[in-house]
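The lines below spell out each chain.
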Amino acid sequence: MLQPILEVEGFNKTFINHAQGTIIPSSNDVNFKVFPGRLTALIGPTGTGKSSVLKGVYRSYLPSAGRIVFRTAAGTQIDLAQASEHQILDLRREEIGFVTQFLYCLPRRGAQDVVAEPLLKRGMDQSEARTQACALLDALNVPERLWSVPPATFSGGEKQRVNLARGLISRPRLLLLDEPTASLDPLTTDRVIQQLDGLKAHGVAMLAIFHHPELVERIADDVVTLKPPVAA
Ligand SMILES: Nc1ncnc2c1ncn2[C@@H]1O[C@H](COP(=O)(O)OP(=O)(O)OP(=O)(O)O)[C@@H](O)[C@H]1O
Ligand SMILES: [Mg+2]
């Protein structure tokens, strides 16, 4: 039987507003598994803590409670809620990728270099990394005239495509996607779906949030509905 790459058990997140002395509830008792070659979609109304779950798995947020058990390529199990910063940085470089909704890009570097960077960090030589970056930008409908231009001045949709290319290029074992197609036209959305299907075929596990319910229908293998937060 296929072993999960990720098991989330009893994940809970609350935020404390120190200025007002109040507690802001977010994700509430979230439980699910993610499998290699499959996409798990998180659904639920706004404010149910979907993005907070992804940030918890990527460890941008520390969960308030729960276990986030990740099975590494070496076969060991790590609770991401307990892992050291060092372990988390290694996993982000080698095994876990995150496509956030917005591109936080470095200025003055061309789109192809922004996209190639994860491959360079893994030790690939620059010309091969650039070739792969340009092929992916092309596949995602980014016009060639933009490949050497820094994305700072790009439109929202162009930035989102660069962001996606950067997240997809290194084929992490687990890919987190937060509304990756929210500002894309239907044609580019189809291209993204093709890419995600290609990643599945390579055994990549995905945990994703989609803005449009019809995308969940098209691409999700498993669907997890988040419960509303418990009032503080
Ligand atoms: N850093 C933070 N500090 C304080 N509150 C936060 C923080 N991040 C999230 N929250 C709160 O947690 C709750 C859940 O937010 P989250 O972004 O996870 O929801 P979501 O399900 O992704 O919503 P949406 O569908 O609108 O993207 C919200 O009430 C939000 O205000
Ligand atoms: Mg969100």
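All figures in this text were calculated on a predicted structure; none of them were measured in a lab. (Residues numbered from 1 in each chain as written. Chains lettered and ligands numbered in written order. Predicted model: local features only at pLDDT ≥ 70, side-chain atom pairs only at ≥ 80, totals over all residues. Heavy atoms only, no water.)

Caption draft 1: Spotlight on the layout of surface pockets. Volume-wise, the largest pocket comes out at about 550 Å³. Y58, F98, P118, K121 and R166 are, among the 25 residues lining the largest pocket, the residues nearest its centre. The set of elements that each furnish at least two residues to the lining of the largest pocket consists of α2 (85-94), β8 (96-99), α3 (111-121) and α5 (156-168). Of the residues in the lining of the largest pocket, the class split is 12 nonpolar, 5 polar and 8 charged. Inspection of the lining of the largest pocket shows a minimum of three residues originating in each of domain 1 (1-95 + 174-225) and domain 2 (104-171). Counted as a void, the second largest pocket has a volume near 200 Å³. The set of elements that each furnish at least two residues to the lining of the second largest pocket consists of α4 (126-139) and α6 (186-201). Grouping the amino acids of the lining of the second largest pocket by side-chain chemistry returns 5 nonpolar, 4 polar and 1 charged. The two domains that each donate at least three residues to the lining of the second largest pocket are domain 1 (1-95 + 174-225) and domain 2 (104-171). (1 Å grid on protein atoms, 1.4 Å probe; cavity = no way out; pocket = protein on both sides within 12 Å on 5 of 7 lines; lining within 4 Å. Points joined across faces, edges and corners; volume = space filled by probe spheres on them. Helix = DSSP H or I, 4+ residues; strand = E, 2+ residues; numbered from the N terminus. Nonpolar A, V, L, I, M, F, W, Y, C, P; charged D, E, K, R; others polar. Domains from an automatic or database assignment.)

Caption draft 2: Expanded view of the sheet that holds strand β5 (residues 39-43). Ordered in space as β8-β9-β10-β5-β11, the 5 strands form an open sheet in which the pairing is parallel. The open sheet has two free edges, formed respectively by β8 and β11 (222-225), since each of these has just one partner strand. With strand direction ignored, the average angle separating the axes of adjacent strands in the sheet is 15°. As paired elements, β5 and β11 share 4 bridges and run parallel to each other. (Pairing = 2+ DSSP bridges. Axes fitted to C-alpha atoms, helices over the stretch in contact; angles between N-to-C directions.)

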